[in-house]
Amino acid sequence: ADRTGEWREGIGRLASLPTDSASMPAMLSAYLKLVRDGNADGGCRLYPGSPMLAQKLARPVIGDRLILCEKIEEVAEELRRVMRGSKAAIHVRDGYEAHGLVPPPEKRGLVLIDPPFERTDEYEATSELIRKSVLRFANGIYAAWYPIKNTHVASSFVRRVARETGKPTLQLSIDVDIAPRDPATSGGVIKHPMSACGLVVVNP
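Enquirer: Explanation requested: the packing of aromatic side chains in the structure shown.
Expert: For the structure shown, the criterion picks out 4 aromatic pairs. By the ring-pair criterion, three or more aromatic residues cluster together here, those being Tyr 123, Tyr 146 and Phe 157.

Encoded structure:
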């Protein structure tokens with residue numbers, strides 16, 4: 001986390017906000033509570049990943065289940081340890097092969113695609129995963145996170161998802177427009193090159 005320091009402009013800007021303030025939006029308050037629940041002191045030193053956040057939002061009465069994919073064995077084992085006691089099923093496989101896991105028996109579900117974006121063809125792989133999944137599970141909801149480093153490339157990705165699925169799509173984005181930091185006055189931290197990100201939702 002300290003290598004890029006990007007958390008300072010993310011959760012770091014929200015960590016000290018009071019969740020019981022009347023001016024606090026309900027969704028933001030609920031989000032911060034989820035983050036703080038994973039810290040013994042109620043702070044934000046430890047940040048839950050998307051599997052843990054999803055598990056905390058699962059509705060036992062309705063019977064929500066989690067199916068998680070992680071292709072690195074050591075990370076999958078850590079995920080099993082962290083999720084022990086939950087109803088999460090953990091598959092040691094590439095998430096881009098997850099279209100083979102749909103449709104679920106319940107015929108309802110949200111597929112969250114939270115890629116590392118370490119591949120040069122990540123946009124193509126994500127859109128192909130959504131396309132194949134929609135063919136198998138047409139009424140599923142698909143939410144894919146993506147970084148916005150090049151607005152043209154990001155917009156092309158969203159248009160491709162809408163075109164290839166033929167389904168309603170919703171595009172959400174945020175740009176915190178962080179001013180570059182001076183390493184001399186910011187403890188050596190330089191602005192992370194990505195200050196904007198997006199979420200495309202199919203079947204919102």
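Having seen the structure, we can now continue with the description.
Enquirer: Looking at this structure, how should I read helix α6 (residues 151-165)?
Expert: Think of an α-helix as 3.6 residues a turn; residues three or four steps apart then line up on the same face. In this model α6 runs 21 Å from its N-terminal to its C-terminal C-alpha over 15 residues, within 8% of the 21 Å that 1.5 Å per residue would give. Listed in full, the buried residues belonging to α6 are Ala 154, Phe 157, Val 158, Val 161 and Thr 165. Burial along α6 is one-sided: seen end-on, the buried residues are contained in an arc of 90°. Residues of α6 that are exposed and angled more than 90 degrees away from the buried face: His 152 and Arg 163. Positive phi appears at Gly 166, one or two residues downstream of α6, with a value of about 65°.

Enquirer: Help me out: how do you make sense of unusual backbone geometry in this one?
Expert: Where the residue is not glycine, phi is negative for most of them; where a peptide bond is considered, it is trans in most cases. Of note, the bond from Val 102 into Pro 103 is cis; its omega dihedral lies within 30 degrees of zero at 5°. Note that Pro 103 resides in the loop between β2 (89-91) and β3 (110-113). A positive phi angle, close to 60°, is found at Lys 107, a residue other than glycine. Within the secondary structure, Lys 107 is located in the loop between β2 and β3. For Asn 203, which is not glycine, the phi dihedral falls at a positive 60°. Relative to the elements of secondary structure, Asn 203 occurs in the segment after β6 (196-202). According to the relative accessible area criterion, Asn 203 is buried, its value standing at 17%.

Definitions and cut-offs
Residues numbered from 1 in each chain as written. Predicted model: local features only at pLDDT ≥ 70, side-chain atom pairs only at ≥ 80, totals over all residues. Heavy atoms only, no water. Phe/Tyr/Trp six-rings, centres within 6.5 Å; stacked < 30°, edge-to-face > 60°. Helix = DSSP H or I, 4+ residues; strand = E, 2+ residues; numbered from the N terminus. Expected span 1.5 Å × (residues − 1). Buried < 20%, exposed > 50% of the residue type's maximum accessible area, 1.4 Å probe, protein only. Arc of directions from axis to C-beta.

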